[in-house]
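Fold and contact review
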Amino acid sequence: MAGMKTATGDYIDSSWELRVFVGEEDPEAESVTLRVTGESHIGGVLLKIVEEINRKQDWSDHAIWWEQKRQWLLQTHWTLDKYGILADARLFFGPQQRPVTLRLPNRRALRLRTSFSKPLFKAVADICRLLSIRHPEELSLLRAPEKKEKKKKEKEPEEEVFDLTKVVLAGGVAPVLFRGMPAHFSDSAHTEACFRMLSRPEPPPDPGLLQRLPRPGSLADKTQPHSRWLDSSRCLMQQGIKAGDTLWLRFKYYSFFDLDPKADQVRLTQLYEQARWDLLLEEIDCTEEEMMVFAALQYHINKLSQSGEAGQAASTDPGLDDLDAALNNLEVKLEGSAPTDVLDSLTTIPELKDHLRIFRPRKLTLKGYRQHWVVFKETTLSYYKSQDEAPGDPIQQLNLKGCEVVPDVNVSSQKFCIKLLVPSPEGMSEIYLRCQDEQQYAHWMAGCRLASKGRTMADSSYASEVQAILAFLSLQRAGGGGSGNHTQGPDASAEALNPYGLVAPRFQRKFKAKQLTPRILEAHQNVAQLSLTEAQLRFIQAWQSLPDFGISYFTVRFKGSKKDEILGIANNRLIRIDLAVGDVVKTWRFSNMRQWNVNWDIRQVAIEFDEHINVAFSCVSASCRIVHEYIGGYIFLSTRERARGEEQDEDLFLQLIGGHEAF
Amino acid sequence: MEQLSDEEIDHGAEEDSDKEDQDLDKMFGAWLGELDRLTQSLDSDKPVEPVKRSPLRQETNMANFSYRFSIYNLNEALNQGETVDLDALMADLCSIEQELSSIGSGSSKRPITETKATQKLAVNRHPSKHGTLKGLSSSSNRIAKPSHANYSLDDITAQLEQASLSMDEAAQQSVLEDTKPMVTNQHRRTASAGTVSDAEVRSVSNSSRSSVTSAASSMDSLDIDKVTRPQELDLTHQEQPIAEHAISLRCPSKQAQRHIDFTEEQAEPTPHSYLDRETSLLLRNIAGKPSHLLTKEEQAAKLKAEKIRVALEKIKEAQVKKLVIRVHMSDDSSKTMMVDERQTVRQVLDNLMDKSHCGYSLDWSLVETISELQMERIFEDHENLVENLLNWTRDSQNKLIFMERIEKYALFKNPQNYLLGKKETAEMADRNKEVLLEECFCGSSVTVPEIEGVLWLKDDGKKSWKKRYFLLRASGIYYVPKGKAKVSRDLVCFLQLDHVNVYYGQDYRNKYKAPTDYCLVLKHPQIQKKSQYIKYLCCDDIRTLHQWVNGIRIAKYGKQLYVNYQEAVKRTESAYDWTSLSSSSIKSGSSSSSIPESQSNHSNQSDSGVSDTQPAGAGHIRSQSIVSSIFSEAWKRGTQLEETSK
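Per an unreviewed UniProt entry, chain B goes by the name Ras association (RalGDS/AF-6) and pleckstrin homology domains 1 and belongs to Chinchilla lanigera. Taken directly from UniProt, the Sequence similarities (unreviewed entry) text for chain B runs: "Belongs to the MRL family."

As annotated in an unreviewed UniProt entry, chain A carries the name FERM domain containing kindlin 3 and comes from Chinchilla lanigera.

1. Regarding the overall build of chain B
Looking only at helices and strands, chain B features 24 helices and 12 strands. By the burial criterion, 57% of the 646 residues in chain B qualify as buried. Only carbon and sulfur atoms are counted for the fraction: they give 52% of the accessible area of chain B, which is about 26,600 Å².

2. Details of the environment of Gly23 of chain A
Residues and elements named next belong to chain A. Along the polypeptide, Gly23 turns up in the loop between strand E1 (16-22) and strand E2 (31-36). Take Gly23: its relative accessible area is 22%, and that puts it in the partly exposed class. Once the C-alpha coordinates of Gly23 and Pro95 are considered, the two residues, 72 residues apart in sequence, prove to be 7.4 Å apart.

3. Looking at the packing of helix H4 (residues 189-199) of chain A against helix H7 (residues 265-280) of chain A
Residues and elements named next belong to chain A. The geometry of H4 relative to H7 is characterised by a closest axis approach of 7 Å and an angle of 55 degrees between their N-to-C directions. One element, H4, and the other, H7, form an angle in the oblique class. Across the interface between the two elements, Phe195, Met197, Leu198 and Ser199 of H4 pack against Gln265, Val266, Thr269 and Gln270 of H7. Each residue belonging to the contact of H4 with H7 can be placed in one class, and the counts come to four nonpolar, four polar and no charged.

4. Points about the nonpolar core
Residue and element names in this part refer to chain A. In terms of nonpolar packing, the biggest core is built from 121 residues, with Leu131, Leu141, Trp543, Ile569, Phe617 and Ile631 touching the most fellow members. The contact partners of Phe617, leaving out residues within four places of it in the chain, are Val556, Arg557, Phe558, Lys559, Leu567, Arg603, Gln604, Val605, Ile607 and Val627. In this structure, Leu398, Leu400, Leu450 and Val466 belong to the second largest nonpolar core, which totals 34 residues.

5. Some remarks on the pattern of salt bridges
Across all of its chains, the model carries 47 salt bridges over all chains by this definition. The salt bridge partner of Glu67 of chain A is Arg90 of chain A, with a shortest N-O separation of 2.9 Å. Placement of Glu67 of chain A in the loop between strand E3 (62-66) and strand E4 (71-73) and of Arg90 of chain A in the loop between helix H2 (80-83) and strand E5 (91-95) is noted, with a sequence separation of 23 residues between them. The exposure class assigned to Glu67 of chain A is partly exposed, which follows from its relative accessible area of 23%. The partner of Asp408 of chain A in a salt bridge is Lys415 of chain A, with the nearest N and O atoms 3.1 Å apart. The exposure class of Asp408 of chain A is partly exposed, given its relative accessible area of 24%. Residue Lys415 of chain A is classed as partly exposed on the basis of its relative accessible area, which comes to 26%. Beyond isolated ion pairs, a larger network of salt bridges with shared partners links Arg346, Asp350, Asp381, Lys408, Glu567, Lys570 and Arg571 of chain B.

6. Here we look at a positive patch on the surface
Positive charge collects at one region of the surface, where Arg362, Lys367, Arg370 and Lys385 of chain A lie side by side. Topologically, Lys385 of chain A is positioned in the loop between strand E15 (380-384) and strand E16 (396-399).

7. A short note on empty space enclosed by the protein
All names here are of chain B. Per the counting criterion, the structure on display carries 14 cavities of 30 Å³ or more. Considering the residues around the largest cavity, the lining is formed by Arg377, Ile378, Glu380, Glu407, Lys408, Val502, Tyr503, Tyr504, Val549, Arg553 and Tyr557. Elements with a minimum of two residues in the lining of the largest cavity: strand E4 (375-378), strand E10 (501-505) and helix H19 (542-557). Looking at side-chain class alone, the lining of the largest cavity contains six nonpolar, no polar and five charged residues.

Here is what the cut-offs are and how they apply
- Residues numbered from 1 in each chain as written.
- Chains lettered and ligands numbered in written order.
- Predicted model: local features only at pLDDT ≥ 70, side-chain atom pairs only at ≥ 80, totals over all residues.
- Heavy atoms only, no water.
- UniProt positions renumbered as here; feature names shortened; annotations may be inferred.
- Helix = DSSP H or I, 4+ residues; strand = E, 2+ residues; numbered from the N terminus.
- Buried < 20%, exposed > 50% of the residue type's maximum accessible area, 1.4 Å probe, protein only.
- Areas by Shrake-Rupley, 256 points an atom, 1.4 Å probe, with all protein chains shown as cover.
- Axes fitted to C-alpha atoms, helices over the stretch in contact; angles between N-to-C directions.
- Parallel < 35°, antiparallel > 145°, perpendicular 65-115°, else oblique.
- Contact = heavy atoms within 4.5 Å.
- Nonpolar A, V, L, I, M, F, W, Y, C, P; charged D, E, K, R; others polar.
- Core = buried A, V, L, I, M, F, W, Y, C linked by side-chain atoms within 4.5 Å.
- Salt bridge = Lys/Arg side-chain N within 4 Å of Asp/Glu carboxyl O.
- Patch = residues over 30% accessible without salt bridge, like charges linked within 9 Å, V, L, I, M, F, W, Y side chains within 5 Å.
- Lys, Arg positive; Asp, Glu negative; His and termini not counted.
- Charge placed at Lys NZ, Arg CZ, Asp CG, Glu CD.
- 1 Å grid on protein atoms, 1.4 Å probe; cavity = no way out; pocket = protein on both sides within 12 Å on 5 of 7 lines; lining within 4 Å.
- Points joined across faces, edges and corners; volume = space filled by probe spheres on them.

Here is the structure:
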């Protein structure tokens, strides 16, 4: 052992003194001095340090960080010589797990401990395991954007930061579910709240905030976030991240494997949140119609999540078909109620009869709404001049099966219209029914909706449909449905429909809330039956089918070209885009790719495709390492299908993203 | 054919007025014999006399439904004086019945099933024999319903309620009818095809139901003799028998049974009310009791509840609509066949291919032509045929054509021409095609190809066409308004695809002065006449046309299209022996290593890690090599066909 001395106190072996600081990179930190030789193993050194410190503490997580080389000394069987450590090395004996603040896709902050010594790919996998997000390879961390110094000190509202630093996960074991959440979340009220935050969609943001947040104005702006990705093959420490720093956790690769509503509660929610913010902050463009659908889905999701109807409640067993329902019903009936009543209810076909005002838009007519006697039976709507003529032939009879039902409602002005577009061999007939009040409207509307699906009012869902419509109207009454008071605070928007929190700011500028609300409601009609997870899935799918979905932009300069251009990287292709106009110049698909490599010296990425097409470019907006990793990452993800059910092959990933060569 | 009139026809076997009927009698004779054998084997200890009668009665009872005339092409058939292909129709009926029973009873391939089919044949033969009766009652004989049920079923109120009314009738008849053939046979034709007519509801009251009733009535009398019991058990144990299966099981012996219990039945005027107050009380009492503790009465009550369950299942069956359709073949001939409303286009196509001995190919399609609007559409395989046909008007000139159409699945044979948004056609390696298809259709969402370009749009009500720049997105078709850039935010929605189908326009250069003949039409399926709601688009060349049509199909149907294709390939494959081809295709797949070098290396690594069972060579190929081989075969066939058709 090192430190053998003669009687005079001279060291007779070749040992020397090694100074090790205890704690995280802090020059003021306490230090211990050990006598070591070049043959000392790291493990032995660690032991000595602990002895020297002489404090009772769990040191198991501590390791030595070599500051000059920016390297952890993790191989305990290696000797100091093998590492090349001499007496002048600045070594820090500190914890590998350190706290960071994560900014989640839903924009909430979460403090947790993560490894500063493992490659980021692994650290992210651990984080995702803690958050119970499957397929961590799709996510990664970004540096938080540098905050601009605020000129005047705005009062930022105190933000709740969730803390998971104390939660320790048992290694290697799949998290067990307990009370509908992974067991490690059910320890305390705080962690439970944390899980709710992770797995429940957030309410719509304050429209004012949306206006303030930065939005990309050009393609060049869209390249900015991508310069901040951290390197997956190196650890956080090596990338200059310090304990307590804020990092963003985001889905990096837009290739979401095997989304499973049951197993992916958190993943689905966070993905939804990322998609939602993408749309609201105009990171991705969509058309007006698409925005309305997105808005309707957000509204619906928020409503469900507010009403506390989480995924489990909404997941009715699809196997329970109408027959089973009928049988259940039967059982109930068998237990009570006189048979005659039942027979009565069986024999009466529910129908609606009332005076309604009807309007049929035609060319060259100035007639407005006219009062008629309207009878709605089964799926057929008939109207008569008056009640007296009802037994006779109706003016018109419409079978509503397959028709489009569009609400045209304005609660504040007491307008309750139903627009029906009824297909017939001759074309569509358009007809408006105007109801007097909410009650009447709700009943007729529910009937129309059922009829359009070919069901009658005898259907068991009729009553609930009526209730849903009434609830809907009351929401509209409370909200910005034309009252002119739509720039309320965020708390008000949670209750009512504030359309401005649901659409991107450019639609806020384009439309008044009064105009937006009915359009969102119209779109909502098509999604009103979805459960929370179904709605989230639908949202994500609609997002995925946008043409610009999943393209990460980088400013590059192609070899031989004199101007900067944009390179878009998607999950299956590379796209060369004109920087100024935004037009696609050329697309290369990964499936045609033979190889790609990086010349680290000149920071150039060279790719060879089939038929001897060679492309080379240097990266301007981001390090070429990030571009390289993006391409390799997508190719790694495309191998997942065949390795289904297997542990992710980390080595393969690191190899594909060039992690190994980089050392 | 001369019996078009509304006269009532006795369906008793004694009725044989014309030649056809004699013919029929012979057939009946054969069936009766079979029935005899069946019934004798079922209840050998029964007196022979009633058994002999039972088939007859069976027949009359079963025939007690009203016929519904399908209007499709009926006029045409009459005008042409063409003989309707009765045999084909019969075969149809037969196969449909068998299919149905096999669906329901799963593994039960007992001889019973066959006899049952024959029985039904005996009944169904009747309408078809009359030649002109081209329609068959929908629900007809496939119902067994509990009578006067004192239970409530929200979903089925209407039918059930009417049915139970007619049930009474039927039950009463069944008491009387024993001695004479049924006089009340309704030989009814309804001219409307789509609506659930009175007659149809009435037709619910067929004998099979009443036979259930009477069997039940014998149960009620707690006189469960040896003959009834096995059958009852059969009924209750088969959880999901298709209606007629169960019925036919019991029918013959039930008749015998009834004979014996006849007096008792009369004594009990409402034997068929299953769950009277008493029973329901019983049921309530026995809730939660272990079965061995139940008294006999309680067990009976339980059995009744069970029967209701079975009966409920049958109610579903009862609502099946059927149509007799005329399918035109590419050689100007036509076939008449029956489809029921549950059949998809794929099933109908399979039937047609079987029957026409045309060889199996992916390209066989059912094409709907709307002559009035000069447009046509290939039905997608997953679509419901009856639903689509019901959109036709009564006097429709529309036709259904069975023919090979390359464009049906060209999308999957050469995906690179449709999915990449490129203007020019290109070749692509099979392996890459497969990757491309997987990418497009097998992800968590379907990628709609980016199709955009200038198309001509017809002005409403005029024969003039205007150019516009259109774009296809998953959410619909958009166009770029004048003076605006091609960015998402400025696009104007032309239409959304949920409610429209895409058709090929035919000869619009003449009809509407279209700039070219490559037109596509978007319209709601129910619209059958000229209307402002029909949108006409015209492309510069046929390539663009096909790109648009296929793009719209993808946007509209998504993954379903691919599923259809794979299903079609599977069918075609099972019809042929492809073993030689598939092995070669695997070989070619592994040799064509156009895989990126780095990728292939890595994938080898991962594969070897993944599975030891896979041979090293095969591991190289994607694990869905099945898909790949399916694909490459289909592709080969596709190209062959394309070549031959050129």
